[in-house]
Amino acid sequence: MSFVELFLLAVGLSMDAFSVSICKGLGMQKVNWKVAFALAIAFGGFQAGMPVIGWALGSQFLWLIEPVDHWIAFGLLAFIGGNMIREALSDEEEDADTVDHIDWGELLMLAIATSIDALTVGIAFASLSVNIWTSVSLIGVTTFVFSIAGVLIGNQFGMRYRKPSQIAGGIILILIGTKVLLEHLGILAL
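Worth saying up front: this structure is predicted, and the values here are computed from it rather than measured.

**A word on the packing of aromatic side chains**
- Evaluation of the coordinates by the stated rule reveals four aromatic pairs.
- Summarising the aromatic geometry, the rings of tryptophan 33 and phenylalanine 37 are spaced 6.0 Å apart at their centres and angled 40° between planes, so their arrangement reads as tilted. Note that tryptophan 33 and phenylalanine 37 are positioned in helix 2 (residues 33–60) at a spacing of four residues, about one turn of the helix.
- Accessibility expressed as a relative area gives 39% for phenylalanine 37, which makes it partly exposed.
- Through pairs of rings, three or more aromatic residues link up here, namely Trp33, Phe37 and Phe144.

**Some thoughts on the pattern of salt bridges**
- Counted by the stated rule, this structure contains two salt bridges.
- A salt bridge links glutamate 5 to lysine 179; the shortest N-O distance between them is 2.3 Å. Of the two residues, glutamate 5 is situated in helix 1 (residues 3–26) and lysine 179 in helix 7 (residues 162–184); the sequence distance between them amounts to 174 residues. For the pair shown, glutamate 5 and lysine 179 are each scored as buried.
- Where glutamate 106 meets lysine 24, a salt bridge forms, and the shortest distance between an N and an O atom there is 3.0 Å. Of this pair, glutamate 106 sits in helix 5 (residues 104–126) while lysine 24 sits in helix 1, and the two are 82 residues apart along the sequence.

**What about the confidence of the model for the protein chain?**
- Residue-level pLDDT values for the protein chain average 81, and 87% of them are 70 or greater.
- Mean pLDDT across the elements of the protein chain bottoms out in helix 3 (residues 62–65) (67) and peaks in helix 6 (residues 132–157) (92).

**Looking at the side chain of lysine 24**
- Given the relative accessible area of 13%, lysine 24 is considered buried.
- Only 3.0 Å separates the side chain of lysine 24 from the side chain of glutamate 106, close enough to count as a polar contact.

How each quantity is defined
Residues numbered from 1 in each chain as written. Predicted model: local features only at pLDDT ≥ 70, side-chain atom pairs only at ≥ 80, totals over all residues. Heavy atoms only, no water. Phe/Tyr/Trp six-rings, centres within 6.5 Å; stacked < 30°, edge-to-face > 60°. Helix = DSSP H or I, 4+ residues; strand = E, 2+ residues; numbered from the N terminus. Buried < 20%, exposed > 50% of the residue type's maximum accessible area, 1.4 Å probe, protein only. Salt bridge = Lys/Arg side-chain N within 4 Å of Asp/Glu carboxyl O. pLDDT = per-residue confidence, 0-100. Polar contact = N/O pair within 3.5 Å; in protein donor to acceptor, adjacent residues only side chain to side chain.

Here it is, written out as structure tokens:
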């Protein structure tokens, strides 16, 4: 994967955290920087850590998945991207609670929930020629930046960007998965 592809993957993965950060920003009368940085550190840390766990698990079973690795990468990325789009298009609305303090239990659950897709991406990384440390660093930093931006955007502009950001993230993941599949099948040579 090229740097641009990894960056687009990082952007796609960060969209869940971005959306949650927008929701948190909505509940703030003014930006609470302590909460914003706590969100960004938790989301960025989990988004960086989960692919390492997935990569370690995937590396142990590489001999088993190598013959079908491109299909696995495509399936995982398409599933994650499709799920993000489905969630964005659903009628469920999240409540914007007042955010004056950090609820550490809620923050932990949000960080885990927004990074589950990164775990499956780590499994796909095990079957691709990817430098795991560069990849997870880029994913973590990108998610950190998008989380801070999400709080600021949520605080300033409201919920109108939540659905478009999730849809864009889902489309990016599906396109990357399709590209991986087409390259391995020899249909696309870049």
